[in-house]
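The residues making up each chain are set out below.
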Amino acid sequence: MISNRLTWKVSVIGQPGSGKSSLISRMAYDSDSAAGAMRGLVRKKLNAELNGETRNVEFLFQEIDGFSGSDNLIASANGVIIVVDITNPVDFDELTKFINFISNFGKKPLIFIAGSKLDRRYEAKIWEKDLEPLKKHGISKIYMVSSRQPETVKSMLNDVAASLLMRTMERK
Ligand SMILES: Nc1nc2c(ncn2[C@@H]2O[C@H](COP(=O)(O)OP(=O)(O)O)[C@@H](O)[C@H]2O)c(=O)[nH]1
Ligand SMILES: [Mg+2]
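Given the structure is predicted, the values throughout are model-derived calculations rather than measurements.

Trainee: Is there a simple way to explain the overall build of the chain in this structure?
Mentor: A tally of helices and strands in the chain yields 5 helices and 6 strands. What you see in the chain, going N to C, is helices and strands ordered as β-α-β-β-α-β-α-β-α-β-α. Taking 172 residues into account, the globule formula puts the C-alpha radius of gyration at 16 Å, and the chain, at 15 Å, falls close to it. Once the C-alpha set of the chain is aligned to its principal axes, its extents read approximately 45 × 35 × 30 Å. Scored against the burial criterion, the 172 residues of the chain give a buried share of 35%.

Trainee: Please explain helix α3 (residues 92-103) as it appears in this structure.
Mentor: The α-helix advances 3.6 residues per turn, and as a result positions three or four apart in sequence lie on the same side. If you check α3, its first and last C-alpha atoms are 16 Å apart, about what 12 residues at 1.5 Å a residue would give, namely 16 Å. Looking at α3, one finds that the buried residues are Phe98, Ile99 and Ile102. For α3, the angular spread of buried residues about the axis comes to 100°, placing them on one side. More than 90 degrees from the buried face of α3, the exposed residues found are Asp93 and Asn100. The elements touched by buried residues of α3 are α2 (71-74), β4 (79-85), β5 (110-116) and β6 (139-144).

Trainee: What exactly am I supposed to notice about the packing of helix α1 (residues 20-29) against helix α5 (residues 150-170) here?
Mentor: Helix-helix packing: each pair is described by the crossing angle between the helix axes and the interaxial distance. Running from N to C, α1 and α5 point in directions that differ by 75°, and their axes come no closer than 10 Å. Considering the angle they form, α1 stands roughly perpendicular to α5. Along the contact surface, α1 presents Leu23, Arg26 and Met27, while α5 presents Pro150, Val153 and Leu157. Considering only residue class, the contact of α1 with α5 consists of 5 nonpolar, no polar and 1 charged.

Trainee: Would you mind going over the environment of Phe61 with me for this structure?
Mentor: Locating Phe61 in the fold gives a position in strand β3 (residues 53-65). Expressed as a C-alpha distance, the spacing of Phe61 and Ser11, which sit 50 residues apart in the sequence, is 5.8 Å. Residue contacts for Phe61: discarding those within four places in its chain leaves Val10, Val12, Ile24, Met27, Ala28, Leu41, Val42 and Lys44.

What counts and how
Residues numbered from 1 in each chain as written. Chains lettered and ligands numbered in written order. Predicted model: local features only at pLDDT ≥ 70, side-chain atom pairs only at ≥ 80, totals over all residues. Helix = DSSP H or I, 4+ residues; strand = E, 2+ residues; numbered from the N terminus. Rg over C-alpha atoms; globule rule 2.2 N^0.38 Å. Buried ≥ 20, exposed ≤ 12 C-beta atoms within 10 Å, placed from the backbone. Expected span 1.5 Å × (residues − 1). Arc of directions from axis to C-beta. Contact = placed C-beta atoms within 7 Å. Axes fitted to C-alpha atoms, helices over the stretch in contact; angles between N-to-C directions. Parallel < 35°, antiparallel > 145°, perpendicular 65-115°, else oblique. Nonpolar A, V, L, I, M, F, W, Y, C, P; charged D, E, K, R; others polar.

Structure representation (structure tokens):
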């Protein structure tokens, strides 16, 4: 048993308009609106479950627009959620380079991909199978989510928490 509270900083990064603010609002407040001018860190406490044990943990979400120039922010992240709007083509070369870079950077964060706007999948330009190869480059998990479908975001968040909890235990 570890008694101190666990706090994880999680960077939520992606192109402008990919759905980061909406996703953070859904994760932190279970709210429909993208918290407009989001500044700084957004806090969310939850009970993370791993192997039948429950731990009280705290997320600090940080929104980052675009894939360059944020090294100093990412350096302190325990986790990174890369948000990819499935209704827009994505530059896979740029994405792969970014993943390769951060996977060995700073605290060696766990890296997740959130394919966003799943409610618009009939307009999708990107499918889960297109994202799958990124696992070779150190992506832990891929989630297909929509901020308008709360359950998809809730299950991603619980799974991210479990992954971070497992990582934290391993490093003790
Ligand atoms: N249909 C749909 N629209 C979304 C979703 N998430 C975000 N949006 C819309 O996409 C636009 C950009 O969202 P926002 O969260 O501000 O993206 P950000 O720039 O990455 O923070 C807004 O018009 C949102 O309403 C989603 O899951 N489904
Ligand atoms: Mg935003």
